Amino acid sequence: MDEFLKRCFYHSGQYNSEEHFAELDIKLKEKEAGRKSNRLFYLSIPPNIFVDVVKCASLRASSASGWTRVIVEKPFGRDSESSGELTRSLKQYLREDQIFRIDHYLGKELVENLSVLRFSNLVFEPLWSRNYIRSVQFIFSEDFGTEGRGGYFDHYGIIRDIMQNHLLQILALFAMETPVSLDAEDIRNEKVKVLRSMKPLQLEDVNIGQYKGHSKGSRSYPAYTDDPTVPKDSLTPTFAAAVLFINNARWDGVPFLMKAGKALHTKRAEIRVQFRHVPGNLYRRNFGTDLDKATNELVLRVQPDEAIYLKINNKVPGLGMRLDRSDLNLLYRSRYPREIPDAYERLLLDAIEGERRLFIRSDELDAAWSLFTPLLKELEEKKIVPELYPYGSRGPVGAHYLAAKYNVRWGDLRTPEVSNCRNSSSLMSTSGCSSFDASAAICTLGMPVLLKAAFRIANWNADEEILLLEAIEMYGFGNWNEVAEHVGTKSKSQCIDHFNAACMNSPCFPLPDMSHVMGKSREELLAMAK
Ligand SMILES: NC(=O)C1=CN([C@@H]2O[C@H](COP(=O)(O)OP(=O)(O)OC[C@H]3O[C@@H](n4cnc5c(N)ncnc54)[C@H](OP(=O)(O)O)[C@@H]3O)[C@@H](O)[C@H]2O)C=CC1
Ligand SMILES: O=C1O[C@H](COP(=O)(O)O)[C@@H](O)[C@H](O)[C@H]1O
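The structure presented is a predicted model; accordingly, all values stated were derived computationally and were not measured.

Engineer: Is there a simple way to think about unusual backbone geometry in this case?
Structural biologist: Peptide bonds are, in most cases, trans, and in most cases residues other than glycine have a negative phi. In the segment running from lysine 74 into proline 75, the intervening peptide bond is cis, with an omega of 5°. By the element assignment, proline 75 lies in the loop between strand S2 (68–72) and helix H4 (80–91). The omega torsion across glutamine 303 and proline 304 is -15°, close enough to zero to call that bond cis. Relative to the helices and strands, proline 304 is located in the loop between strand S11 (297–303) and strand S12 (307–315). In this structure, aspartate 305 is a non-glycine residue whose phi angle is positive, near 55°. If you trace the backbone, aspartate 305 turns up in the loop between S11 and S12. Of note in the backbone geometry, asparagine 407 takes a positive phi value of approximately 65° without being a glycine. Tracing the backbone through its elements, the reader meets asparagine 407 in the loop between helix H11 (398–405) and helix H12 (438–445).

Right, here's the structure in full:
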């Protein structure tokens, strides 16, 4: 490290001063001492000054004898137009092959491993299609809010911050066809094809949320709008769930779910591949209550604690024939105890070596923005109000309804206590809500009205229903003391009885049965909610 630091120096100047970049050029030439030299500029700076810096660096500090490259950090614009404008401005001074658009998720070890897993194991690639895969989920969560970055974040929101880039890039790598080679252009060609095969996101296939403050014991957690750099009436989503489809032969009809949020109960990023049910399962009768619905699931945990595990059904040892679910688990820290390189280490080295595979080409970027721009405009124009969720919870309840609409459950539900009341495997199974479409109603009416209309059990008002569902999201099944405390106006036993009556036998478990509000008009729902 000392040797490395001896070779570093700091030179300060203004980002938009050609004169200061010319001074930098002189200083660099002194260091280079006539040797052939390459120059890599890494713009880890706010986007509004990208173009100034590129202009000055390119005009006054480019290498005279070797290559000059520029790494640009996201955000690359905030929609198709501004991204196109940024690309055009950069290209006034740089060729495409000089621009390295960084998406640090592409440098993460497990994301790199995705292609290895697919293309170098006979057992996976044949399963990689609509024939065997029922849904794929890309999940990102952080257990902290926008702390300190509210000013930046409020202009972008979670869809631009995480979904349009990190999650969509992983999706493209996951779903692309086999590239001709591992060459950067071959891989990026395949990624673009996938992105172009997708339909732009529709409002009814999205659920948005924003975290609200809450206190637990003596600790209190701030709301997003408590951040002094965020407007009090901000509608910026800090959480979003979305369902996307790829209109090609391989993926026709397979829902690709994305979920990203800040101030949730955990910090995690993972890819979950849910496989179809075993047709005519011979062991149907041995599975117990709901286990026959347990499907295989392949999980690539990107962070923390990198792992690849496959959920399988197996026999519990003994004379009887009881089946169980287990994980075939490749846990990186056990298998590879040495430190895993940071994503930026890999990407900076790649940029130095001219390896473009993990950087985003301008046509990929255009295709990515085309998918999200109409939705982002609609959310802003219609001023869609995000569903509030408590800081530290699992996010808005509406995300579950969105998944249920496509007969899918989020794979990241953890329910350690549930075995007392209901077989845990049932949570992994498909719900009975195949034709249920509550998310559109949530968009137009809001969750309280919908819940009020849906619940038919007396003495619970819509606020209490929401608090109950929120508390179960936050504290998990079985933690009824905390749940009752969160609801505030109902006792522990009232919460248990109510949840059992309304949700335990619901086809949309863990949510209440909404089938009787299905297909009702807005007016009818409002009337039912009275
Ligand atoms: N933080 C994160 O999690 C991620 C950040 N990024 C991107 O990486 C880049 C850097 O991120 P981050 O370090 O959080 O950003 P910061 O806002 O902390 O800015 C980084 C540097 O830019 C300079 N700077 C900041 N504001 C201004 C301004 N208004 N005018 C001129 N210069 C300014 C400062 O350098 P100096 O003091 O030397 O002038 C500062 O140290 C950004 O493009 C960001 O979008 C991408 C992915 C994740
Ligand atoms: O790009 C971003 O990523 C970070 C999360 O990165 P991670 O490597 O720590 O998972 C996120 O916090 C930030 O909002 C976003 O801009």
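Here the narrative resumes, following the displayed structure.
Engineer: What exactly am I supposed to notice about the site of ligand 2 here?
Structural biologist: Taken together, His104, Glu142, Asp161 and Ala269 are the residues near ligand 2. When its residues are assigned to classes, the shell around ligand 2 shows one nonpolar, one polar and two charged.

Engineer: Explanation requested: the domain arrangement of the protein in the structure shown.
Structural biologist: By a widespread convention, an interface's size corresponds to the accessible area lost as its parts come together. Once the domains are mapped, the protein shows domain 1 (2–104), domain 2 (108–390) and domain 3 (436–529). Each of domain 1 and domain 2 has a C-alpha centre, and these two points are 32 Å apart. The interface is formed by 18 residues belonging to domain 1 together with 19 residues belonging to domain 2. Only S2, H4 and strand S3 (99–101) provide two or more residues apiece to the side of domain 1 that touches domain 2. At four residues, the largest contribution of residues to the side of domain 1 that touches domain 2 is made by H4.

Engineer: I tried to follow the sheet that holds S2 on my own but got confused; where do I start?
Structural biologist: In any sheet, the strands associate via hydrogen bonds between backbone groups, in a parallel or an antiparallel arrangement. Taken in spatial order, the three strands of this open sheet run S1-S2-S3, and their pairing is parallel. Bordering the open sheet on either side are strand S1 (39–43) and S3, each of which pairs with just one other strand. Looking at each pair of strands side by side, their axes are set apart by 20° on average, direction ignored. Sheet analysis places S2 next to S3, joined by three bridges and oriented parallel. In the strand pairing of S3, valine 72 is matched with arginine 101.

Engineer: Explanation requested: the nonpolar core in the structure shown.
Structural biologist: Across soluble globular proteins, you tend to see nonpolar side chains buried next to one another. Grouped together as the largest cluster of nonpolar side chains are 96 residues, with contacts concentrated most on Met163, Leu167 and Ala240. No other element matches helix H6 (residues 150–175), which puts twelve residues into this core. If you count residues domain by domain, this core takes at least three from each of domain 1 (2–104) and domain 2 (108–390). Setting aside anything within four residues of it in sequence, one finds alanine 240 in contact with Ile158, Ile159, Met163, Val206, Asn207, Ile208 and Ala260. Counting 17 residues, the second largest nonpolar core, distinct from the first, contains Leu469, Tyr475, Ala484 and Phe499.

How each quantity is defined
- Residues numbered from 1 in each chain as written.
- Chains lettered and ligands numbered in written order.
- Predicted model: local features only at pLDDT ≥ 70, side-chain atom pairs only at ≥ 80, totals over all residues.
- Helix = DSSP H or I, 4+ residues; strand = E, 2+ residues; numbered from the N terminus.
- Near = placed C-beta within 6 Å.
- Nonpolar A, V, L, I, M, F, W, Y, C, P; charged D, E, K, R; others polar.
- Domains from an automatic or database assignment.
- Contact = placed C-beta atoms within 7 Å.
- Pairing = 2+ DSSP bridges.
- Axes fitted to C-alpha atoms, helices over the stretch in contact; angles between N-to-C directions.
- Core = buried A, V, L, I, M, F, W, Y, C linked by C-beta atoms within 7 Å.
- Buried ≥ 20, exposed ≤ 12 C-beta atoms within 10 Å, placed from the backbone.

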